[in-house]
Amino acid sequence: VWKGTFSRLRFRPEEGMEVIVTGKLTTEERHRGIYSARFFTGAFRFAGRFEVPPETPPGAGVTREWGAALLLFSLRDARGIRNAPGLTWNGALHPFVSGTGGIQVALPYKAAPFAGAHTFSFPMEIVGLQSLHFVPSAGDHQVTISADWPHRSFGGRHLPATREITSQGFHA
């Protein structure tokens, strides 16, 4: 009699992960009839590293068969992505594909788990209307943004540690 179960190796990204985001926002006003809307475009660079914990040894009589590893980036609305060419993972480029709630990359590790330190980076161009939020999801999460919009509003649980605001824009 053969019996099988399906499970995933999961780990929390804040355990041993760092993410550094740098970006520049520019604003533009568009008109349609009597209405106008101000929106922003942003060019960002995401980079980081994280540690994948070692696997736990299988129980007696258990054989593991590893599937494709997926790296997921959650987004509230993926329609705002103008360009995200791909993820550089340990020096190799892998294309993004749309997934449920964001974008994802299938990593080429089917033969065995890939415990240890890994680096990643990717550029992303986005467009938006009302707000831009970053959710800290790593043990060390750094975001640096500059923009040409002087009428900014910093809100939420995680405010900038430093910020410089001028009549030409801000840097935080």
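This one's a predicted model, so the numbers in the text were calculated from it and none came from an experiment.

Points about the sheet that holds strand β3 (residues 69–74)
Judged by pairing direction, the sheet is antiparallel, and its three strands sit side by side in the order β3-β8-β7 without closing on themselves. What marks the edges here is a single partner per strand, and that holds for β3 and β7 (97–99). For this sheet the average axis-to-axis angle between neighbouring strands, irrespective of direction, equals 40°. Bridge count for β7 against strand β8 (residues 102–107) is three bridges, and the pairing is antiparallel. The residue of β8 that forms the bridge with V97 is Q104.

Concerning the environment of A161
Inspection of the secondary structure puts A161 in the loop between β10 (140–147) and β11 (164–166). Given the relative accessible area of 82%, A161 is considered exposed. Sequence spacing of A161 and Q142 is 19 residues, and the spatial spacing of their C-alpha atoms is 10.0 Å.

Looking at the packing of aromatic side chains
For the structure on display, the rule yields six aromatic pairs. Ring centres 6.2 Å apart and planes at 55° place the aromatic pair F73 and F120 in the tilted group. Of this pair, F73 sits in strand β3 while F120 is found in strand β9 (residues 116–128), placing the two residues 47 residues apart along the sequence. The pair F73 / F120 is uniform in exposure class, with both members buried. Grouping aromatic residues by their ring pairs yields a cluster made of F44, F46, F73, F96, F120 and F122.

A few points about the nonpolar core
F73, L87, W89, F96, F120 and F122 are the most contacted members of the largest nonpolar core, which has 29 residues in total. The element contributing the most residues to this core is strand β2 (residues 35–52), with five residues.

Observations concerning the layout of surface pockets
Where empty space is left becomes clear once a probe the size of a water molecule has been rolled over the atoms. The computed volume of the second largest pocket comes to approximately 1,100 Å³. For the lining of the second largest pocket, the class distribution of residues is 18 nonpolar, 13 polar and three charged.

Some remarks on the pairing of β2
As defined by bridge partners, strand β1 (residues 17–32) adjoins β2 across 16 bridges and the pair is classed as antiparallel. Bridged to M17 within β2 is F50. The hairpin formed by β1 and β2 contains two residues between the paired strands, and G33 there has a positive phi angle of roughly 65°. Where β2 and β9 come together, 13 bridges link them in antiparallel fashion.

Rules and cut-offs
Residues numbered from 1 in each chain as written. Predicted model: local features only at pLDDT ≥ 70, side-chain atom pairs only at ≥ 80, totals over all residues. Heavy atoms only, no water. Pairing = 2+ DSSP bridges. Helix = DSSP H or I, 4+ residues; strand = E, 2+ residues; numbered from the N terminus. Axes fitted to C-alpha atoms, helices over the stretch in contact; angles between N-to-C directions. Buried < 20%, exposed > 50% of the residue type's maximum accessible area, 1.4 Å probe, protein only. Phe/Tyr/Trp six-rings, centres within 6.5 Å; stacked < 30°, edge-to-face > 60°. Core = buried A, V, L, I, M, F, W, Y, C linked by side-chain atoms within 4.5 Å. 1 Å grid on protein atoms, 1.4 Å probe; cavity = no way out; pocket = protein on both sides within 12 Å on 5 of 7 lines; lining within 4 Å. Points joined across faces, edges and corners; volume = space filled by probe spheres on them. Nonpolar A, V, L, I, M, F, W, Y, C, P; charged D, E, K, R; others polar.

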